[in-house]
Amino acid sequence: MAKSSISRPRHKTGDSRVAIAIMAAGKGTRLKSRHPKVLHEVGGKPLLAHVIAAATQIVSPSNIYVIIGHEADQVRNAVAGTGVQFVAQEPQRGTGHALMCAAPSISGYEHVIVLSGDAPLITADTIRRLRDFHLEKKAAMTILSAKLENPTGYGRLLFKGKSNDVQAVVEEKSCTPAQRKLREINSGFYAFAVHPLIENLKKLKTDNPHAEYYLTDMAAVLCKAKQRVTATPTENPSEILGSNTRAELVELDHKMRRAKCEKLMSDGVTIFYPETCVIDSDVEAGADTTIEPFVQLLGKTRVGSDCRIRSYSVIKDSQIGDGVQIRPGCILDNARVANSAQLGPYSHLRPGSEIGEGAHVGNFVETKKARIGKGSKANHLSYLGDAEIGEGVNIGAGTITCNYDGVNKHVTTIGNGVFVGSDSTLVAPIKLGKGSYVGAASCITDDVPPESLAIGRTRQIVKEGWVRQKRARNGE
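The rules we used
- Each chain carries its own residue numbering, running from 1 in the direction its sequence is written.
- Note on the predicted model: pLDDT of at least 70 is required for a residue's local features to be given, and 80 or more for side-chain atom pairs to be given and counted; whole-chain, interface and lining totals, by contrast, use all residues.
- The basis for every side-chain value is the complete set of heavy atoms in the structure, and neither hydrogens nor water enter the calculation.
- The helix count covers DSSP runs of H or I at least four residues long, the strand count covers runs of E at least two residues long, and both are numbered beginning at the N terminus.
- Atoms considered for the radius of gyration are the C-alpha atoms alone. The globule rule reads 2.2 Å times the number of residues to the power 0.38.
- The rule is simple: take the accessible area with a 1.4 Å probe, protein chains only, and divide by the maximum for that residue type; under 20% is buried, over 50% is exposed, in between is partly exposed.
- The criterion used for residue contact is that any of the two residues' heavy atoms lie within 4.5 Å.
- Surface accessibility in these figures is a Shrake-Rupley result with a 1.4 Å probe; residues are shielded only by whichever protein chains are displayed.
- Just so you know, the count uses Lys and Arg for positive and Asp and Glu for negative, and it drops His and the chain ends.
- Charge positions are represented by NZ for Lys, CZ for Arg, CG for Asp and CD for Glu.
- Aromatic pairing here means that ring centres of Phe, Tyr or Trp (its six-membered ring) are within 6.5 Å. Orientation follows from the plane angle: under 30 degrees is stacked, over 60 is edge-to-face, and everything else is tilted.
- For a ring to carry a charge above it, either NZ of a lysine or CZ of an arginine must fall within 6 Å of the ring centroid while also lying within 35 degrees of the normal to the ring plane.
- Definition used in this section: a nonpolar core is a set of buried Ala, Val, Leu, Ile, Met, Phe, Trp, Tyr and Cys residues joined via side-chain atoms within 4.5 Å.
- A carboxyl oxygen of Asp or Glu within 4 Å of a side-chain nitrogen of Lys or Arg is what we treat as a salt bridge.
- Pairing of N or O atoms within 3.5 Å defines a polar contact, subject to two protein rules: one partner must be a possible hydrogen donor and the other a possible acceptor, and residues neighboring in sequence count only if both atoms are side-chain atoms.
- Strand pairing requires that DSSP identify at least two bridges connecting the strands.
- A crossover counts as right-handed when, viewed with the strands pointing away from the observer, the path leading from the first strand over the helix to the second turns clockwise.
- A fitted line through C-alpha atoms represents every axis, and for helices the fit uses only the stretch in contact; the resulting angles, taken between N-to-C directions, go from 0 to 180 degrees.
- Oblique is the label for every angle not falling under 35 degrees (roughly parallel), over 145 degrees (roughly antiparallel), or within 65 to 115 degrees (roughly perpendicular).
- In this scheme, a crossing is called left-handed if the near helix is turned counterclockwise away from the far one by less than a right angle; it is called right-handed if the turn is clockwise.
- Three classes are used: nonpolar for Ala, Val, Leu, Ile, Met, Phe, Trp, Tyr, Cys and Pro, charged for Asp, Glu, Lys and Arg, and polar for all others, with Gly counted as polar.
- Multiplying 1.5 Å by the residue count of a helix minus one yields the expected span of that helix.

A tally of regular secondary structure across the protein chain gives nine helices and 39 strands. Here the C-alpha radius of gyration of the protein chain, 31 Å, is well above what a compact globule of 476 residues would show, namely 23 Å. When the 476 residues of the protein chain are sorted by exposure, 48% land in the buried category. Intrachain contacts of the protein chain at a sequence separation of at least 6 include 42% that bridge at least 24 residues. Carbon and sulfur atoms form 49% of the exposed surface of the protein chain, whose accessible area is close to 23200 Å². For the protein chain, the centre of its 61 positive side-chain charges and the centre of its 49 negative side-chain charges are spaced 4 Å apart.

In C-alpha cells:
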C-alpha cells in the first residue's frame, strides 16, 4: 500500500477536502436473512438510504463512497439513484479491510468520515459536529463515542488522563473488570486524516478469532505512530444504534416513526393515537390536517393542509391537495388528488389516477389511469380504468369502463357535463360527447355525439298474467 501506488482522483465538486465512506458490505448474519443487511427497511426505506440522506447534507453525493460486498449488485441498484460512488470489497475481511479497498478512491481527500450503513438514526448535525471537532483538534483519528447506562456489548474507550485523547479501544471480551465499568463506548463512527490513515492501514493485523482487519485497532496503531487519536461524545446516544437483529430493526422503526409523528404534530398536524399510525420518514403533511388512528402514509406521500384522513386508509407515493376529505378504508397508490376532493369510504385509486378539484370518488369505486375532472362524481360501485373524464360529469352506480380486450388497453373519453346512468358498460375505445346522456343499464359500443341520448339495451317486454299461467301449467 505504498503511497506512490495510489491514484489521486479529480473531484468535480468545489470542496474536495472531506469524503464520506459508508460501510455496507456485511451480511447481517443475526438477521437470518438472505437479503443484504443494509437493505432491510425502517421508516419506510432501507437502512442505508437513511444514512446516505444524512451524509448528503454534509458533502455532495459524488464525495460519498458506499463500500459494498455481500449481494453487491442488489445494494448498488437500491441506492443508485442517490448519485453516490461505490467501492467493492471482495472478499469481506473486516472494517479495516473495507477502508483498504476504499483507499484508492479516498486518497485525494484530506479527511474521510466513516459511517455505518446499518445505523439509520444518525443525523447530519451529529456528522457535522464529528467533522468540525476532528478538524479543530487536528487529529489523525476522531471517534464518535457515546455514554451509555448499559454499555454491554460495546468496546470501551481508554483515555489519556482526563483529556479527550484516546490511547486504545478495548473490545468488551478483552476488558478487565475495571474497564467493563467504563460507560463511554466506541460507536463505530469515525473521522480520519486520510494521509496517516492510508500510511498505517498496512499495520493492521488479523490475530483475532475471525482473522479480520478491525478498524477499531487503528486507534492503537496511530497512537503507536505518534499520531493524535481523540473522541467526542454524541449528544443523543440512540443515534448510533445499529440493527443486528429483527427485534432491533423493529425498535429502530418504532423510534423513527414516533419521531416522525412528533415532528408532524409540531408542524401543526393532528395525529390521533400516533402509536397506531404508520408514517414513513419522507412523508409530508400541511398544517391543520387531521390523521385518524390506524392510517398508513407511505413512501413519498404529500398531504396538503386542512385535510382529514380517516381510519384504515393506506396512501402510498401520492399527492393530496388542500382540504381533501378521505373517508375510512381508502387505498391510494401513486395517485394525485386535487383540492377539496372527497374520497371513500373504501375507494381504491390505483397508479395514474388523477382526481380533480372538488370531485367525488365514492364507496367501492376503483380507478386506474383515470383522470376525473373538476366537480365530477363517481359515488358508487364503479370501475374507471384508462379513462379521460371531463368536468361536471356524473358517473352512475355500477358503471364500468371496459378497457381491456384481452391483448391491449383502450381509452374511454367522457366530455364535460356528461350524465352516465347507473349500471352502464362503456366498451373502449369510445367517446361520449359533451353534455350527452347514457341511459341506465346501457352497453355502449359506439361514440355518442354531444348532447345526445344513447340507450344500449333491449326493449322491455311485459307479459301480463304470465305467472298465473305458469302456475296453472305446473298444477299449482
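Right, let's talk about the packing of aromatic side chains for a bit. Going through the model one piece at a time under the given rule, you end up with five aromatic pairs. The interplanar angle of 75 degrees and the centroid separation of 6.0 Å between the aromatic rings of Tyr65 and Tyr109 together place this pair among those described as edge-to-face. In this pair, Tyr65 is assigned in strand 4 (residues 64–68) and Tyr109 in the loop between helix 3 (95–106) and strand 6 (111–116), connecting sequence segments 44 residues apart. Residue Tyr65 shares its accessibility class with Tyr109, and that shared class is buried. The ring of Tyr404 has Lys409 lying over it, and the distance from NZ or CZ to the ring centre is 5.5 Å.

Here we come to the nonpolar core. Formed by 47 residues in total, the largest nonpolar core has its most connected members in Ile279, Val337, Leu343, Ile355 and Leu432. Here this core takes three residues from strand 30 (residues 383–389), the largest share from any one element. Ignoring sequence-local partners within four residues, the contact set of Ile279 consists of Arg257, Lys260, Cys261, Leu264, Ile271, Ile291 and Leu297. Among the nonpolar cores identified, the runner-up in size contains 37 residues, and Leu201, Tyr213, Met218 and Ala219 belong to it.

The subject of this paragraph is the pattern of salt bridges. All chains considered together, the criterion is met by 21 salt bridges. Residue Glu172 is joined to Arg156 by a salt bridge in which the shortest nitrogen-to-oxygen separation is 3.4 Å. Residue Glu172 is located in the loop between strand 9 (166–170) and helix 5 (177–180), and its partner Arg156 is located in strand 8 (residues 156–159); the two are separated by 16 residues in the primary sequence. In terms of burial, Glu172 and Arg156 fall into one category: buried. For the salt bridge of Glu366 with Arg350, the shortest nitrogen-to-oxygen distance reads 2.9 Å. One end of the pair, Glu366, is in strand 28 (residues 366–372); the other, Arg350, is in the loop between strand 25 (348–349) and strand 26 (354–355), and 16 residues separate them in sequence.

One can find Ser382 in the loop between strand 29 (377–380) and strand 30. For Ser382, a relative accessible area of 5% corresponds to the buried category. Between the C-alpha atom of Ser382 and that of Ser238, which follows or precedes it by 144 residues, the distance is 49 Å. Residue contacts for Ser382: discarding those within four places in its chain leaves Phe364, Val365, Glu366, Ile395, Gly396, Ala397, Gly398 and Thr399. A distance of 2.9 Å separates a polar side-chain atom of Ser382 from the backbone oxygen of His380.

Cis geometry is found at the peptide bond from Gly344 to Pro345, where omega equals 5 degrees. With respect to the helices, strands and loops of the structure, Pro345 is situated in the loop between strand 24 (342–343) and strand 25. Residue Pro429 is reached from Ala428 by a cis peptide bond, and omega for that bond is 0 degrees. With respect to the element layout, Pro429 can be found in the loop between strand 35 (425–427) and strand 36 (430–432).

Here we come to the sheet that holds strand 34 (residues 419–420). Taken in spatial order, the eleven strands line up as 12-15-18-21-24-27-29-31-34-37-39 in an open sheet, and their pairing is parallel. Each edge of the open sheet is held by one strand with a lone partner, namely strand 12 (270–271) and strand 39 (453–454). Where strand 18 (residues 308–309) lies against strand 21 (residues 325–326), two bridges are found, and the strand directions are parallel. Looking at strand 21, one finds that Arg308 is bridged to Gln325.

Attention now moves to the pairing of strand 4. Summarising burial for strand 4: five of the five residues are buried, a large majority. In this sheet, strand 4 lies alongside strand 1 (residues 18–24) in parallel orientation, the contact comprising five bridges. Pairing of Ala24 across the sheet is with Ile68, part of strand 4. Relative to strand 5 (residues 85–88), strand 4 runs parallel, the two being bridged by four bridges. Opposite Ile67, over in strand 5, you have Val87 as the bridge partner. For the segment spanning strand 4, helix 2 (residues 72–79) and strand 5, crossover handedness is right-handed.

In this structure, Asp386 sits in strand 30. If we skip the residues at most four places from it in the chain, Asp386 touches Lys368, Lys369, Asn403, Lys409, His410, Val411 and Thr412.

What follows covers the packing of helix 3 against helix 6 (residues 194–201). The contact between helix 3 and helix 6 brings their axes to 10 Å, and the two run at 125 degrees. In terms of orientation, helix 3 lies oblique with respect to helix 6. Pair helix 3 / helix 6 crosses with left-handed handedness. Contacts between helix 3 and helix 6 involve Gly96, Leu99, Met100, Ala103 and Ile106 from the former and Val194, Leu197, Ile198 and Leu201 from the latter. In the contact of helix 3 with helix 6, the residues fall into eight nonpolar, one polar and no charged.

This part is about helix 3. The terminal C-alpha atoms of helix 3, which comprises twelve residues, lie 15 Å apart, in line with the 16 Å expected from a rise of 1.5 Å per residue. Residues of helix 3 that are buried include every one of Gly96, His97, Ala98, Leu99, Met100, Ala102, Ala103 and Ile106, and no others. On its buried face, helix 3 is in contact with strand 1, strand 4, strand 5, strand 6, strand 10 (184–193) and helix 6.

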